[in-house]
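Here is what each chain is made of, one letter per residue.
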Amino acid sequence: MGTLSAASAEPIHLPFLVLNLFVGLVLAFSLDGFYRRFSTTISNRHSMIFVFYFVILATTLIIMIVKTSIALSLGLVGALSIVRFRTPIREPEDLGFLFLAVAAGVGLGANQTIAVVIAFALILVILAGVFWFRTHQMGRQSGVFVNVVIPFEDAPGSELDKLSNEISSIGRNVEVRRVEINEKRITAVYTVLADDPDSLSNLTNRIEAVFSGARVSIVNDFE
């Protein structure tokens with residue numbers, strides 16, 4: 001009786017491997033540019049960009065290897081079952097970009113090169129339209145990230161409410177992107193589309209007047 005083994009795997013056609021890795025590199029470069037242009041995330045942007053290259057190329061190689069052997073496929077499942085990825089993806093938008101990168105790698109690894117390229121291009125065009133429409137709907141307001149660090153004594157919730165009210169007073173479109181509370185300190189990040197660009201210049205003074213020891217930084221990073 002024969003047994004399943006890695007030795008029974010079919011050989012990988014090197015021309016297809018090289019072609020798909022090259023196409024994966026091009027797709028990763030395209031996703032890199034798209035992410036730089038349209039992403040609204042504010043943390044680990046440069047790290048995420050490098051991850052796209054790793055994910056697409058590594059997924060392509062893995063799928064091309066394991067599809068040649070049932071034993072290798074089962075071995076991959078066993079290996080992944082004991083691997084723990086402990087780095088959290090804090091932004092849902094980043095998770096979506098990673099899923100797109102994984103999908104591209106799986107498709108290239110399965111030798112669906114033409115279908116992957118066409119679908120990838122269409123997805124980016126659709127997403128660009130969505131991002132453009134969302135930005136166009138918001139009008140010509142001044143878009144900024146507001147990063148605030150404030151100390152607190154007893155009730156972080158009430159301090160956070162006061163902070164949100166102060167920031168909301170300068171614009172209708174205010175979104176909380178991140179809040180971290182640790183050791184008597186609140187770190188909050190907001191995206192703000194200000195009704196009046198001049199009001200941004202006074203925001204730092206207003207927050208520092210309300211919260212003793214507050215640190216404020218305003219980054220003009222999206223439109």
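### Focus on the overall build of the chain
Of regular secondary structure, the chain possesses seven helices and four strands. Order of helices (α) and strands (β) in the chain, N terminus to C terminus: α-α-α-α-α-β-α-β-β-α-β. Residues classed as buried in the chain amount to 35% of the 223 residues present. Counting only contacts in the chain whose residues sit at least 6 apart along the sequence, the fraction spanning at least 24 positions is 75%.

### Section: the confidence of the model for the chain
The predicted model of the chain averages 76 in pLDDT, with 70% of residues at 70 or higher. Contacts from residues 1–7, a stretch scored under 50 in pLDDT, to residues over four places away or in other chains number six contacts.

### Brief notes about the nonpolar core
Residues L27, L31, F52, I56 and F120 are the most contacted members of the largest nonpolar core, which totals 22 residues. Elements that contribute at least two residues to this core include exactly helix 1 (14–38), helix 2 (45–66), helix 4 (92–109) and helix 5 (113–137). Those residues within four positions of I56 in sequence are excluded, and the remaining contacts are G24, L27, A28, A101, A104, G105 and L108. In terms of nonpolar packing, the next biggest core, distinct from the first, is built from 17 residues, I150, I186, A188 and L203 among them.

### Quick notes on the pattern of salt bridges
The tally for this structure, following the rule as stated, stands at one salt bridge. Salt-bridge contacts for R36 lead to D32; the nearest nitrogen and oxygen are separated by 2.5 Å. Taken together, the residues R36 and D32, both in helix 1 and four residues apart, mark about one turn of the helix. Take D32: its relative accessible area is 8%, and that puts it in the buried class.

### As for the packing of aromatic side chains
Under the definition given, this model contains seven aromatic pairs. On the numbers, 5.0 Å between centres and 85° between planes, the contact of Y35 with F97 is edge-to-face. Placement of Y35 in helix 1 and of F97 in helix 4 is noted, with a sequence separation of 62 residues between them. Taken as a pair, Y35 and F97 share a single burial class, namely buried. The rings of F34, Y35, F38, F52, F97 and F131 are connected pair by pair, giving a single aromatic cluster.

### Observations regarding helix 4
Over its 18 residues, helix 4 runs 26 Å from end to end, which matches the ideal 26 Å to within 8%, given 1.5 Å per residue. N111 lies just past helix 4 and shows a positive phi near 65°.

### Focus on the environment of V55
Structurally, V55 is set in helix 2. Sequence separation between V55 and V106 is 51 residues, and the spatial gap between their C-alpha atoms is 10.0 Å. Setting aside residues up to four positions removed in sequence, V55 forms contacts with L98, A101 and V102.

### Observations concerning a nonpolar patch on the surface
The grouping of I114, I118, L122, I126 and V130 at the surface amounts to a nonpolar patch, some 520 Å² of accessible area in total. Within the secondary structure layout, L122 lies in helix 5.

### A look at unusual backbone geometry
Positive phi outside glycine occurs at N111, with the angle close to 65°. One can find N111 in the loop between helix 4 and helix 5.

### Remarks on the side chain of N20
Here N20 is to be found in helix 1. The residues touching N20, leaving out its near neighbours within four places in the chain, are T60, M64, L108, N111 and T113.

The rules behind the values
Residues numbered from 1 in each chain as written. Predicted model: local features only at pLDDT ≥ 70, side-chain atom pairs only at ≥ 80, totals over all residues. Heavy atoms only, no water. Helix = DSSP H or I, 4+ residues; strand = E, 2+ residues; numbered from the N terminus. Buried < 20%, exposed > 50% of the residue type's maximum accessible area, 1.4 Å probe, protein only. Contact = heavy atoms within 4.5 Å. pLDDT = per-residue confidence, 0-100. Core = buried A, V, L, I, M, F, W, Y, C linked by side-chain atoms within 4.5 Å. Salt bridge = Lys/Arg side-chain N within 4 Å of Asp/Glu carboxyl O. Phe/Tyr/Trp six-rings, centres within 6.5 Å; stacked < 30°, edge-to-face > 60°. Expected span 1.5 Å × (residues − 1). Patch = residues over 30% accessible without salt bridge, like charges linked within 9 Å, V, L, I, M, F, W, Y side chains within 5 Å. Areas by Shrake-Rupley, 256 points an atom, 1.4 Å probe, with all protein chains shown as cover.

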